[in-house]
Amino acid sequence: MITKDIINFLEEKYPRSNAEEWDNVGLLVGNNKKDVKKIQLSIDATEKAVDYAAQNNVDMIVTHHPLIFKPLKSIVMSELSGRKIIKLIENGLNLYSIHTNLDSSKDGLNDYILELLEVKKYKIIDINANDETAGIGRMYTLEEKITILEYADFIKTKMKIKNVRVISNDLKSKVKKIALINGSGMSYWRKVKSLGADLFITGDIGYHDALDAKESGLHLIDIGHFESENCFSELLKKNLEEIGLEVLIFNDGPVFENY
């Protein structure tokens, strides 16, 4: 199957128009006419991920996070970003990114996480202007109240996460209305609180935002950026195997380790 057809298949499910304006999704390196039989799924295009793909005769790498966000002034071997791009080209590897359009779209990453958490009904926190079925984040209500620590344990089990960080004025508090944004969603904490959320689940929570949210009475669970998106490969693997592609998964992470 040629690259262009694979991209069309993915973007029919997760339209590029659902990506955020600041994002850089799509084919970033390569040839959309290249024939592809083997795909590698990696959250990030690290140098180890590129090397692994080259060593395993992969034709195309699909990442969640784009390798290229800002314009590059040079592409040289002495710089990490340039070295990775050169290795991609030298080994005939296509590099494609599917990021916030995967997060936002119906049956995309946010919805897949809710499936793992056994959530059946939800509302979108910030509806996409191009598609009312898509948008940033999900809000849902549990059938019964549960303590924050009990729900943290539930998340760890269902999402296969070793550790989470909990921010709360009272760890024995019970919650029922929950907001979730995968990746780094803390810029939305005031909005989810205004929508009535008891608990906000996201990653990359910084100290000052955590302090302000805690003082406001909003409970937080930081599940980590990598950890909240690690399951993107499970979701895409199912999709790509439907069209007869061989799929490998390689992740050089997480970046942070807890001891």
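Rules used throughout
Residues numbered from 1 in each chain as written. Predicted model: local features only at pLDDT ≥ 70, side-chain atom pairs only at ≥ 80, totals over all residues. Heavy atoms only, no water. UniProt positions renumbered as here; feature names shortened; annotations may be inferred. Pairing = 2+ DSSP bridges. Helix = DSSP H or I, 4+ residues; strand = E, 2+ residues; numbered from the N terminus. Axes fitted to C-alpha atoms, helices over the stretch in contact; angles between N-to-C directions. Buried < 20%, exposed > 50% of the residue type's maximum accessible area, 1.4 Å probe, protein only. Contact = heavy atoms within 4.5 Å. Domains from an automatic or database assignment. Buried area = accessible area lost by both parts, 1.4 Å probe. Salt bridge = Lys/Arg side-chain N within 4 Å of Asp/Glu carboxyl O. Polar contact = N/O pair within 3.5 Å; in protein donor to acceptor, adjacent residues only side chain to side chain. Nonpolar A, V, L, I, M, F, W, Y, C, P; charged D, E, K, R; others polar.

- An unreviewed UniProt entry lists the protein under the name YbgI/family dinuclear metal center protein, from Fusobacterium ulcerans 12-1B.
- Its UniProt record, at the heading Sequence similarities (unreviewed entry), says of the protein: "Belongs to the GTP cyclohydrolase I type 2/NIF3 family."

## Considerations on the sheet that holds strand β4 (residues 94–97)
Move 1: The strand order across the open sheet formed by five strands is β1-β4-β3-β2-β11, and the pairing between neighbours is mixed. Of all strands in the sheet, those with a lone pairing partner are β1 (26–29) and β11 (246–249), marking the two edges. Within the sheet, the average angular offset between the axes of one strand and its neighbour, ignoring direction, is 30°.
Move 2: Looking at chain direction, β1 and β4 are connected through three bridges and run antiparallel. Among the inter-strand pairings, Leu 27 is bridged to a residue of β4, identified as Tyr 96.

## Things to note about the UniProt feature "binding site: a divalent metal cation 1" (unreviewed entry) in the protein
Move 1: The UniProt record marks His 65, Asp 103, His 225 and Glu 229 with the feature "binding site: a divalent metal cation 1" (unreviewed entry), using the residue numbering of this structure. For the residues just named, distributed over 165 residues, the greatest C-alpha separation is only 12.7 Å, placing them together at one site.
Move 2: Checked against the element boundaries, Asp 103 lands in helix α4 (residues 100–104).
Move 3: Residue Asp 103 is classed as buried on the basis of its relative accessible area, which comes to 9%.
Move 4: With residues up to four places along the chain from it excluded, the contact list for Asp 103 reads His 64, Leu 109, Asn 110, Arg 138, Asn 182 and Glu 229.
Move 5: For His 225, the position within the fold is in helix α9 (residues 225–229).
Move 6: Every residue in contact with His 225, bar those within four places of it in the chain, is listed here: His 65, Gly 183, Ser 184, Gly 203 and Asp 204.

## Observations concerning the domain arrangement of the protein
Move 1: Structurally, the protein comprises domain 1 (3–100) and domain 2 (106–227).
Move 2: Computed from C-alpha atoms alone, the centre-to-centre distance between domain 1 and domain 2 is 29 Å.
Move 3: Both faces combined, the contact of domain 1 with domain 2 buries some 650 Å², and carbon together with sulfur accounts for 48% of it.
Move 4: Counting the surface domain 1 buries against domain 2, the share from its top three residues, Tyr 14, Asn 18 and Ile 43, is 51%.
Move 5: The interface formed by domain 1 and domain 2 holds zero salt bridges in total.
Move 6: Linking domain 1 with domain 2 are four residue pairs in polar contact (both at pLDDT 80 or more), by the criterion used here.
Move 7: Among the residues forming the side of domain 1 that touches domain 2, the class breakdown is two nonpolar, four polar and two charged.

## A short note on unusual backbone geometry
Move 1: Of the consecutive residues Gly 253 and Pro 254, the connecting peptide bond is found in the cis state with omega at 5°.
Move 2: The residue Pro 254 is located in the segment after β11 in this model.
Move 3: In this structure, Lys 160 takes a positive phi of about 60° despite not being glycine.
Move 4: By the element assignment, Lys 160 lies in the loop between α6 (148–159) and β7 (165–167).
Move 5: One non-glycine residue with positive phi stands out, namely Asp 204, at about 60°.
Move 6: With respect to the helices, strands and loops of the structure, Asp 204 is situated in the loop between β9 (199–203) and α8 (207–216).
Move 7: The exposure class assigned to Asp 204 is partly exposed, which follows from its relative accessible area of 40%.

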